[in-house]
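Each chain, letter by letter, is given below.
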Amino acid sequence: MRFLTVPALFVAGALVVSCDSPTMVEEATAEGILLMGNSGEPKGLDPHLVSGVLESNILAALFEGLCKNHPSKDGVALPGAALRWTPNDDFSVWTFDLNPEARWSDNVPVTAQDFVFAYHRLLDPDLPAKYADMLFLVENAETINKDLRSFVLLGNLPGLPIDPEALKRPPFQPDPDAAGDAAPSGPLATLPAEARRRRVRAAGLDGLGPGDLETVLGEPALVAWPAGFTPALRTRALELLLEYARKHDDGTHESLASVLPLGARALDEWTLEITLRGPVPFLPEVVKHYTWFPVPRHVIRKWSGGDIDLPFTDWTDPGNLVGNGPFRLKEWRVNHYIEVERNPHYWDARRVSLNGIRFLPVQNAYTEARMFLDGQLHVTYTLPPEMIPYARTHIPEMLRQEPYIGTRFLRVNVRRKPLDDPRVRHALAATIDRRRLVENVLGGGQTPASGIVPPFSGYKLPQGVGHDPERARRLLAEAGFPNGRGFPELKFLTVDRDTARRMAEAYMSMWEEHLGIHIRIEQREWTTYLQRQYDGDYQLAGAAWIGDFLYPTTFLDMWTRNNGNNNTGWWSPAYESKLREAEHTADPAAKLALLKDAETILLDELPAIPVYWYTTNYLVRPEVRNWHPLLLNHHPYKFVELVAGGQ
Amino acid sequence: MLRTVVQRLLQTIAVVFCLVSFTFFAVRLIPGNPFADEKAIQPHLRERVAEPFGLNESWGKQFVLFWKNVLTEGDFGMSTSLFGRSVNEIMATAFPVSLTLGAGAMLVSLLIGIPSGVVAALRHNRLIDYASMVLAMIGICIPTFVLGPLLQLWVARNLPWINVAGWERPSDIILPSFTLGLVVAAYVARLTRGGMLDVLAQDYIQTARAKGLPAFRIITRHALRPALLPAITYLGPAFAAVITGSFVVETIFAVPGMGQHFVTAVTTKDYFLLQGLVLFYGTLMGGANLLVDIVLAAMNPRLREHA
Amino acid sequence: MPTAAAQAPSQASAQKGASLWQDAFRRLRKNRLAMAGLAVVLFIFLACFVLRWILPHDPNEVELGNEFAPPGPTHWLGTDQLGRDLLTRILDGGQISLLVAVAATLLTVTLGILYGGIAGYVGGRLDAIMMRIVDGLLAMPFLIVVILFRELISGWIELASVFLIEDWGWSRDFVLRFSNIFPLLLAIAAFGWLTMARIVRTQTAALVHTEFVEAAHALGLPHRRILFRHILPNMLGPVIIYATLTIPSFILYEATLSFIGLGIEPPNSSWGVLIKEGANYLESNTKMLIIPAFVFSATLFAFNFLGDGLRDALDPKAAKD
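What counts and how
Residues numbered from 1 in each chain as written. Chains lettered and ligands numbered in written order. Predicted model: local features only at pLDDT ≥ 70, side-chain atom pairs only at ≥ 80, totals over all residues. Helix = DSSP H or I, 4+ residues; strand = E, 2+ residues; numbered from the N terminus. Buried ≥ 20, exposed ≤ 12 C-beta atoms within 10 Å, placed from the backbone. Contact = placed C-beta atoms within 7 Å. Rg over C-alpha atoms; globule rule 2.2 N^0.38 Å. Pairing = 2+ DSSP bridges. Axes fitted to C-alpha atoms, helices over the stretch in contact; angles between N-to-C directions. Nonpolar A, V, L, I, M, F, W, Y, C, P; charged D, E, K, R; others polar. Core = buried A, V, L, I, M, F, W, Y, C linked by C-beta atoms within 7 Å. Parallel < 35°, antiparallel > 145°, perpendicular 65-115°, else oblique. Left-handed = near helix turned anticlockwise from the far one by under 90°. Domains from an automatic or database assignment. Expected span 1.5 Å × (residues − 1). pLDDT = per-residue confidence, 0-100. Arc of directions from axis to C-beta.

Caption draft 1: Structural detail: the overall build of chain C. Of the regular secondary structure elements, chain C holds 11 helices and 0 strands. Start at the N end of chain C and walk to the C end: the helices and strands fall as α-α-α-α-α-α-α-α-α-α-α. When burial is assessed residue by residue, chain C has 46% of its 321 residues classed as buried. By sequence separation, contacts in chain C at least 24 residues apart represent 69% of the contacts at least 6 residues apart.

Spelled out as structure tokens, the structure:
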């Protein structure tokens with residue numbers, strides 16, 4: 001047993017030696033480094049390839065957009081990379097005057113061309129940018145990103161027998177119904193006859209490369225042309241598409257932007273002009289989002305060898321990454337931490353108080369809270385609801401419970417009976433006692449929601465959903481299920497977190513008690529849960545949506561027919577026409593009124609049943625100054641200070 | 001003897017191959033998309049996102065390509081959840097952490113398990129036997145996700161200079177290795193106790209006792225080494241299991257090891273990372289088993305024939 | 001003992017077994033820890049399967065507004081985070097955890113004996129292949145298997161439960177409870193049987209080479225008779241020991257799966273779920289963790305001590321005293 005005494009002494013020694021050492025927070029505060037919990041490892045640091053909140057926290061340190069968040073006021077845009085911005089009369093063209101002092105972290109000037117390059121790259125159809133649709137407000141952006149070649153090239157063909165809008169659909173664009181049959185691969189010419197037809201249908205004319213287009217040119221019957229396309233017209237159309245495809249392949253045309261200019265121009269080095277597809281009075285709010293950030297074109301070009309749509313190059317590694325934000329990337333240890341340090345070339349570096357930020361990807365929220373309580377973090381990402389009462393009693397000055405721009409709702413698959421009946425949906429909605437749910441089950445200070453769009457200044461909330469079990473019972477009876485008799489058991493899909501489970505159990509008991517119906521709860525892990533909603537493989541699902549910027553459209557745009565975030569099977573021409581009308585209205589007040597009308601339609605039909613509006617709960621140490629409540633929870637780091645001598 | 005070893009080696013390789021291939025197909029069968037995200041990918045982008053990973057090809061093609069890359073270049077592919085980061089790199093950074101944690105846990109298990117087992121055997125069926133077995137069993141009777149937070153709470157209140165989670169300071173290894181080590185300690189204690197009891201009943205020990213040798217000398221000089229044999233043979237596979245099976249401990253103590261990657265890879269359907277991890281783990285386990293069997297066979301000729 | 005002497009000579013081996021069992025039982029009784037374990041196990045089973053039905057509360061009855069009530073006359077241990085009676089939930093959870101563990105153990109034992117017995121008895125090439133397969137399966141990433149089982153089987157289970165409820169008129173709660181635990185049960189058993197097979201195989205292999213089995217072969221006795229009459233009874237000892245020790249490890253397994261989120265689906269609870277959720281309330285409401293964890297650990301300790309006691313008692317080497 002003697003051999004065991006040495007290691008035992010070692011352990012005891014380590015324990016003794018570490019006595020009296022300062023906490024992580026004390027050390028970091030002295031060095032001016034902010035320790036932030038960031039909930040998980042970022043998928044990447046290329047602003048064009050990511051789409052999550054935790055990534056945006058890091059990107060906000062490394063890059064800077066045209067406008068910046070005010071540290072304490074929502075809806076106010078401070079100068080960022082741009083000093084001034086001026087709209088035209090109807091808010092459809094904005095001119096941004098860039099700051100000539102602005103520099104990348106390698107001291108290269110930040111110019112308007114960097115912004116133009118960034119937008120082109122994000123919208124490049126070959127770059128798998130998930131968030132490209134954030135830029136669709138810009139004129140021609142959607143067309144370029146969706147690579148609507150036929151629409152652009154054939155729209156002006158003399159003698160076109162169809163509406164140009166039809167060029168955005170099959171057979172020119174891919175046919176989603178054909179995607180099911182395994183589209184055979186390989187050059188078209190080598191495939192047997194039937195397979196060729198299928199392939200052309202699945203890829204759409206716009207999706208074929210030059211080799212395949214040549215094959216089709218020799219056999220135009222492969223395409224299911226709409227009525228009225230004469231042989232001459234077919235040939236001409238194919239020739240135009242082929243010409244473009246060839247030039248795309250050899251690099252002459254990066255994207256349709258070479259034929260149909262994108263509404264972003266560099267008037268000169270320091271002036272950026274953005275043309276939008278309609279009036280957008282709230283553009284300064286939108287450009288705060290990281291999808292509108294500039295990227296260093298000289299660095300990206302260097303690392304991708306000229307092929308700017310190559311997604312995974314090394315340009316985001318420490319030592320290579322160049323940004324225009326107040327900090328630059330110092331260290332990136334996977335799953336361990338990401339550290340950024342002060343950027344001396346930032347144009348406002350004098351104003352920046354922090355020396356660095358360390359982001360810790362702690363996935364388990366309870367561990368994160370305990371780390372905070374033990375003096376290891378300055379700011380947490382979140383606070384689990386079970387620990388809120390504890391925080392309220394013991395450390396109320398460090399607890400933050402702030403309204404957050406997000407809504408939790410129930411997604412309803414209106415394609416499944418009996419959910420196709422709006423009375424049933426209203427019955428389900430009216431039974432939920434939101435106040436009880438928020439106070440007793442969650443206890444996080446959330447607000448019961450009457451609509452999908454959370455309240456913020458200027459937007460008048462429509463008359464929404466409330467708690468009315470009587471009415472719910474009546475509606476259910478009208479729909480043919482008095483007291484729940486005959487009502488099938490519905491499946492409720494939710495994610496495998498404890499709070500989701502509690503909420504599902506609460507809904508279940510409410511629906512059973514008041515309506516006499518049963519649900520079966522299915523907890524699935526994150527990606528399965530998401531995928532099943534995308535596939536429409538659910539009946540009811542617990543869901544949420546976080547807004548991207550402070551304007552109602554970020555909550556309303558998703559309920560259109562083809563939007564990938566809809567997934568309910570519901571759509572309404574009246575709704576979409578209201579949205580379109582709002583899009584073309586310049587007057588800010590009139591715009592908001594139209595959006596309210598649109599939401600009223602949505603709340604009449606309830607493909608999504610609102611439950612509550614988010615409150616973000618998290619912990620902040622008193623050493624951290626200038627960390628104010630903000631609806632989007634994007635705190636500009638350049639204003640944050642660390643002052644020692646907190647608790 | 002050599003022939004058996006070579007045979008076993010080949011068999012292990014075959015097993016690992018089947019294992020990884022099974023994982024390959026199994027994980028693709030589970031409904032779910034590696035690229036599913038809160039903000040849905042617009043339909044026209046779905047194929048493009050999968051392109052760089054070769055996930056638009058047929059499963060057969062992907063299978064062949066995967067093994068080709070592994071065998072010719074040792075390249076396990078790119079992670080889909082950590083864009084474009086090579087799986088090799090991810091495993092290379094996580095493995096040393098798991099190794100350290102594993103070593104710490106093994107140390108704790110020996111420090112706690114062996115003395116408990118020995119004492120229990122010596123004072124068989126008396127109070128101390130019961131007490132030390134209770135201590136040793138904590139690891140398998142109280143789940144780590146209960147013990148962990150309890151320890152964190154206690155340490156935060158009483159030893160504030162020790163971090164409750166993370167992997168920054170040297171002292172950070174203490175809590176997670178202790179929690180993990182307790183689990184292994186239970187088995188070590190049991191095996192030690194059993195081994196000790198067996199040895200103590202042997203004739204030559206009785207003879208030594210009869211001769212009047214002091215008890216302590218009997219134990220340390222004659223009894224301990226053979227008594228520890230079952231525990232030692234257990235250590236090999238135990239170490240391998242501890243290195244990759246410590247997800248719960250890694251999550252609770254925010255340790256950037258391989259266990260976390262394992263579960264994240266399954267839940268985010270990160271095909272390449274998962275395949276790489278399974279390959280790694282399978283090889284490790286297979287190697288550990290093989291080693292133990294070789295050692296055992298070398299010592300016990302009777303086992304050689306039957307294998 | 002008179003009964004032993006009255007046995008026919010051909011049952012000599014069984015006779016030797018009878019006095020061995022009684023001998024073992026006597027030794028077990030002396031082991032106070034094991035006896036305490038046995039008592040606790042019996043008590044827990046009684047509580048979870050009998051007391052649970054006597055108590056008036058429904059474990060899933062949510063009472064918003066009455067969360068975390070302290071112990072009182074209506075709720076002996078108070079209520080949980082949704083106002084449900086804590087005692088009933090613990091007992092109900094115990095029912096599920098124990099059911100899963102015991103059923104999975106039975107499955108494990110059956111599969112293990114079949115597989116390991118054949119491998120050990122036949123020996124040679126077949127044995128080697130079968131054991132390599134077991135080795136391979138042991139290194140399998142069990143998480144994937146659990147998820148796969150869940151996804152693939154859930155469709156079948158749903159059909160089956162609908163059939164049972166509507167066509168055969170079984171109680172809805174009853175069917176739901178079992179359909180919930182079935183995939184989990186299968187997944188756990190799918191791993192447990194591997195080690196059991198290994199143990200059985202080693203035992204069988206050792207027994208096959210003993211004199212009395214070789215004598216039986218020489219006598220020309222049929223294989224089936226050798227297996228059932230001679231090998232199986234002698235193998236029972238380690239199998240029982242291992243089975244007793246498997247139950248707590250399965251309960252722990254289920255708890256770990258619940259932690260990861262792959263365990264029992266709501267609103268049913270197992271001990272694993274109760275403990276996992278309870279751990280979240282560590283700072284604010286410690287009883288939510290301590291009470292279920294205490295019951296959980298006590299049960300596991302009890303099973304473990306019982307198993308260890310059985311091992312001591314059935315160990316032939318200790319037969320000397």
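Text resumes after the structure shown.
Caption draft 2: Broad picture of the overall build of chain A. The secondary structure content of chain A amounts to 21 helices and 18 strands. Relative to its length of 647 residues, chain A is compact, with a C-alpha radius of gyration of 28 Å against a globular reference of 26 Å. Once the C-alpha set of chain A is aligned to its principal axes, its extents read approximately 90 × 70 × 70 Å. A buried classification covers 49% of the 647 residues belonging to chain A. Long-range contacts, defined here as pairs at least 24 residues apart, represent 70% of the contacts in chain A between residues at least 6 apart.

Caption draft 3: Up close: the sheet that holds strand β7 (residues 271–275) of chain A. Residue and element names in this part refer to chain A. With respect to topology, 4 strands assemble into an open sheet ordered β4-β5-β7-β6, the strand pairing being antiparallel. With partners counted over all chains shown, the strands left at the sheet margins are β4 (82–87) and β6 (264–268), one partner each. Averaged over all adjacent pairs, the angle separating strand axes in this sheet is 20 degrees, with direction ignored.

Caption draft 4: Spatial organisation of the sheet that holds strand β16 (residues 608–619) of chain A. All names here are of chain A. Here we have 6 strands laid out as an open sheet, ordered β12-β16-β11-β15-β13-β14, and mixed in their pairing. Two strands lie at the open edges of the sheet, namely β12 (447–448) and β14 (519–524), each paired on one side alone. Relative to β14, strand β13 (residues 490–495) is paired through 6 bridges, and the arrangement is parallel. Bridge pairing links V495 to R524 in β14. Packing of helix α18 (residues 526–534) onto the sheet brings it into contact with β11 (399–412), β13, β14 and β15 (540–546), and relative to β13 it is tilted by some 135 degrees.

Caption draft 5: Examining the environment of I112 of chain B more closely. All names here are of chain B. Among the secondary structure elements, I112 is positioned in helix α4 (residues 87–122). Since 24 C-beta atoms lie within 10 Å of it, I112 is described here as buried. Measuring from C-alpha to C-alpha, the distance between I112 and L228 comes to 14 Å, with 116 residues separating the pair along the chain. Those residues in contact with I112, other than ones at most four positions away along the chain, are A136, G181, L182 and A185.

Caption draft 6: Broad picture of the interface of chain C and chain A. Across the contact, 15 residues belong to chain C and 22 residues belong to chain A. Among the residues making up the side of chain C that touches chain A, the classes are represented as 6 nonpolar, 5 polar and 4 charged.

Caption draft 7: Up close: the nonpolar core. Within the largest apolar cluster, 348 residues are counted, with the highest numbers of intra-cluster contacts made by L62, Y119, I357 and I609 of chain A. Counting residues per element, this core draws most heavily on helix α7 (residues 174–200) of chain B, at 16 residues. Not counting residues within four places of it along the chain, the set of residues in contact with L62 of chain A comprises L45, L321, G323, G325, F327, R328, L329 and V340 of chain A.

Caption draft 8: Representation of the environment of G451 of chain A. Residue and element names in this part refer to chain A. One can find G451 in the loop between β12 and α16 (469–478). A residue is classified by how many C-beta atoms lie within 10 Å of it, and G451, with 24 of them, is buried. Leave out the neighbours within four places in its chain, and G451 touches L461, P462, G464, E599, L603 and P610.

Caption draft 9: Here's a closer look at the interface of chain B and chain A. Taken together, the contacts link 51 residues of chain B with 48 residues of chain A. When residues of the side of chain B that touches chain A are traced back to their parent elements, those giving at least two are α2 (46–50), α4, α6 (144–158), α11 (247–252) and α12 (258–267) of chain B. Ranked by the residues each element gives to the side of chain B that touches chain A, the list is headed by α4 of chain B, at 7 residues. Residue composition of the side of chain B that touches chain A, by class: 30 nonpolar, 15 polar and 6 charged.

Caption draft 10: Focus on the packing of helix α5 (residues 124–138) of chain C against helix α7 (residues 172–208) of chain C. Residues and elements named next belong to chain C. Viewed as axis vectors pointing N to C, α5 and α7 meet at an angle of 150 degrees, and their least axial separation amounts to 10 Å. It follows that α5 is roughly antiparallel to α7 by the angle criterion. Like other packed secondary-structure pairs, α5 and α7 cross with a definite hand, here left-handed. Contacts between α5 and α7 involve M131, V134, L137 and L138 from the first element and L194, A197, R198 and R201 from the second. For the contact of α5 with α7, the per-class residue count stands at 6 nonpolar, no polar and 2 charged.

Caption draft 11: Region of the structure containing the packing of helix α8 (residues 203–211) of chain B against helix α9 (residues 215–227) of chain B. Residue and element names in this part refer to chain B. Running from amino to carboxyl end, α8 crosses α9 at an angle of 155 degrees, the nearest separation of the two axes being 11 Å. Relative to α9, α8 is oriented roughly antiparallel. The chirality of how α8 crosses α9 is right-handed. Seen from α8, the contacting residues are I205, A208 and R209; seen from α9, they are I218, H222 and A223.

Caption draft 12: Representation of the domain arrangement of chain A in the model. Residue and element names in this part refer to chain A. Segmenting chain A into domains produces domain 1 (8–117 + 271–380 + 636–646), domain 2 (148–254) and domain 3 (402–616). Inter-centroid distance (C-alpha atoms) of domain 1 to domain 3 is 33 Å. Listed per partner, the contact involves 13 residues of domain 1 and 11 residues of domain 3. Of the residues that constitute the side of domain 1 that touches domain 3, the class distribution is 6 nonpolar, 3 polar and 4 charged.

Caption draft 13: Seen up close, helix α17 (residues 498–515) of chain A. Residues and elements named next belong to chain A. The terminal C-alpha atoms of α17, which comprises 18 residues, lie 25 Å apart, in line with the 26 Å expected from a rise of 1.5 Å per residue. Every buried residue belonging to α17 is among D498, R501, R502, M503, A504, E505, A506, Y507, M508, M510, W511 and L515, and all of these are buried. G516 sits one or two positions beyond α17 and adopts a positive phi of about 75 degrees.

Caption draft 14: Summary view of the pairing of β11 of chain A. Residues and elements named next belong to chain A. Of all 14 residues making up β11, 11 are buried, and the element is well covered by its neighbours. In this structure, β11 lies alongside β16, joined through 10 bridges in antiparallel fashion. Across the sheet, R408 pairs through a bridge with Y612, a residue of β16. Bridge analysis of β11 against β15 gives 7 bridges, and the strand direction is antiparallel. Residue pairing for β15: R411 is matched across the bridge by A541.

Caption draft 15: Inspection of the confidence of the model for chain C at higher detail. Residues and elements named next belong to chain C. Across chain C, pLDDT averages 81, with 92% of residues at or above 70. Scored below 50 in pLDDT, residues 1–15 makes 6 contacts in the model with residues more than four places away or belonging to other chains. In the predicted assembly, ipTM is 0.86 and pTM is 0.88.

Caption draft 16: Broad picture of the pairing of β16 of chain A. Residue and element names in this part refer to chain A. With 11 of its 12 residues buried, β16 lies for the most part within the structure. Of the pairings in the sheet, the one linking β12 to β16 comprises 2 bridges and is antiparallel in character. Looking across to β16, one finds that P448 is bridged to Y612.

Caption draft 17: A look at α16 of chain A. All names here are of chain A. Where α16 is concerned, the buried positions are A472, R473, L475 and L476. Here the buried residues of α16 occupy an arc of 165 degrees about the axis, which is enough to place them on one side. Elements that come into contact with the buried residues of α16 comprise α14 (422–431) and α17. Once α16 ends, the next one or two residues include G480, with phi positive near 105 degrees.

Caption draft 18: Highlighting unusual backbone geometry. All names here are of chain A. With an omega dihedral of 5 degrees, the bond running from P170 to P171 counts as a cis peptide bond. Omega for the peptide link from K417 to P418 comes to -5 degrees, which places this bond in the cis form. Checked against the element boundaries, P418 lands in the loop between β11 and α14. The backbone of D147 shows a phi angle near 55 degrees, a positive value even though the residue is not glycine.

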